[in-house]
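For reference, the chains in residue letters:
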Amino acid sequence: MEQIKVRLMEELQTPVAFTIPLFGGIPVTLSVVVSWLVMGALILAAALGTRRLKLRDPGKPQLCLEMAVEFLNGFTKNNMGAHGPDFAPYLGTISLYILLCNIIGIFGLVPPTKDLNVTAALAIMSAVLIYGAQFRYHGLRGGLKKFMEPMPLLLPINLMEVVIRPLALCMRLFGNILGAFIIMELIKMMAPAVVPVPFSIYFDLFDGGIQAVVFVFLTALFVGEGIKEEE
Amino acid sequence: MEIGMLAIGLAVFTGIGAGIGIGIATGKASEAIARQPEAAGKINSTLLIGCALAEGTAIFGFITALLILFMK
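Please read these numbers as outputs of a predicted model, since none were measured by experiment.

Asker: So what about a nonpolar patch on the surface? Which residues, and what values?
Answerer: All names here are of chain A. On the surface, a nonpolar cluster with roughly 950 Å² of combined accessible area is contributed by Leu37, Ile106, Phe107, Leu109, Val197, Ile201, Tyr202, Leu205, Phe206 and Ile210. Here the element with the most residues in the nonpolar patch is helix α7 (residues 196–227); it accounts for 6 residues. Topologically, Phe107 is positioned in the loop between α4 (88–103) and α5 (116–146). Classification of Phe107 as exposed rests on a relative accessible area of 64%.

Next up, the structure:
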């Protein structure tokens, strides 16, 4: 029991990869390094994938890309209304990033989303997007008025939501990934060979994918709620 | 020590609520899709949102358990 506890304690801390020898040493955690790896892979894939786009006679990769973009635009339009496609690039980027971060555990790296700071940053970005969009599309007065809907009595609850929404987004992603990571570590401790494989498919691939979808979907829904026009 | 372990067990019990909630939601959603297959897209998105929110309670319980385990 004690041994497991010590092991879990180690897993919960984010290891420092290296220290920049500046101003007395800036520690760079492993989650930052893996984040940069993920970002580099995504940027490289985007640069290579969109190099020779043709108007006539597009190849198979281009058709796949176009399908993905169409899907994203349709999804945002369905869930967020006419202004939805404005947010499609951001939502697509964040979903790819979270997906890759979640499933990178398969390659033996530490998933960055296991670090509370990473998920907190993502949640704060979502909160800024949600309330920024609300004020952007309704103006200052209209945006403030949005807090009094559907009736003024609900004002305190709407104000509480400003804090609760990012907190729940952050904790949901963090808790799921950390939980999956801990369970995988326990399984690996008990049976190091063969047995972890099916569990890894569920916990790393399936759960990671679901959580990426849920995070982006909730963000899209909250933004859509904020920018919705009255019928 | 003993009472802390008890507290951790109780905190993890929140999982039961989330399990029941998601189970009911999924059951009703499949009923709804069986009745109205053309509304499957809308039902799916509502279901996903509901599941995510219901699951939040389990996650908070889990994080509370972890905090008790480590802060003790």
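What follows continues from the structure just given.
Asker: Please provide a residue-by-residue account of the interface of chain A and chain B, values included.
Answerer: Counting from both sides, the interface comprises 20 residues of chain A and, opposite them, 15 residues of chain B. Together, the buried faces of chain A and chain B total about 1600 Å²; carbon and sulfur atoms form 82% of this surface. When residues of chain A are sorted by the area they lose upon contact with chain B, A:Lys5, A:Arg172 and A:Phe217 head the list and together hold 28% of the total. Linking chain A with chain B are 0 salt bridges. At the boundary of chain A with chain B, the tally comes to 0 residue pairs in polar contact (both at pLDDT 80 or more). Within the residue set of the side of chain A that touches chain B, elements represented by two or more residues are α1 (2–12), α6 (155–190) and α7 of chain A. Sort the elements by how many residues they give to the side of chain A that touches chain B and α6(A) lands first, with 9 residues. The residue inventory of the side of chain A that touches chain B, partitioned by class, reads 14 nonpolar, 4 polar and 2 charged.

Cut-offs used in this document
- Residues numbered from 1 in each chain as written.
- Chains lettered and ligands numbered in written order.
- Predicted model: local features only at pLDDT ≥ 70, side-chain atom pairs only at ≥ 80, totals over all residues.
- Heavy atoms only, no water.
- Patch = residues over 30% accessible without salt bridge, like charges linked within 9 Å, V, L, I, M, F, W, Y side chains within 5 Å.
- Areas by Shrake-Rupley, 256 points an atom, 1.4 Å probe, with all protein chains shown as cover.
- Salt bridge = Lys/Arg side-chain N within 4 Å of Asp/Glu carboxyl O.
- Helix = DSSP H or I, 4+ residues; strand = E, 2+ residues; numbered from the N terminus.
- Buried < 20%, exposed > 50% of the residue type's maximum accessible area, 1.4 Å probe, protein only.
- Contact = heavy atoms within 4.5 Å.
- Buried area = accessible area lost by both parts, 1.4 Å probe.
- Polar contact = N/O pair within 3.5 Å; in protein donor to acceptor, adjacent residues only side chain to side chain.
- Nonpolar A, V, L, I, M, F, W, Y, C, P; charged D, E, K, R; others polar.

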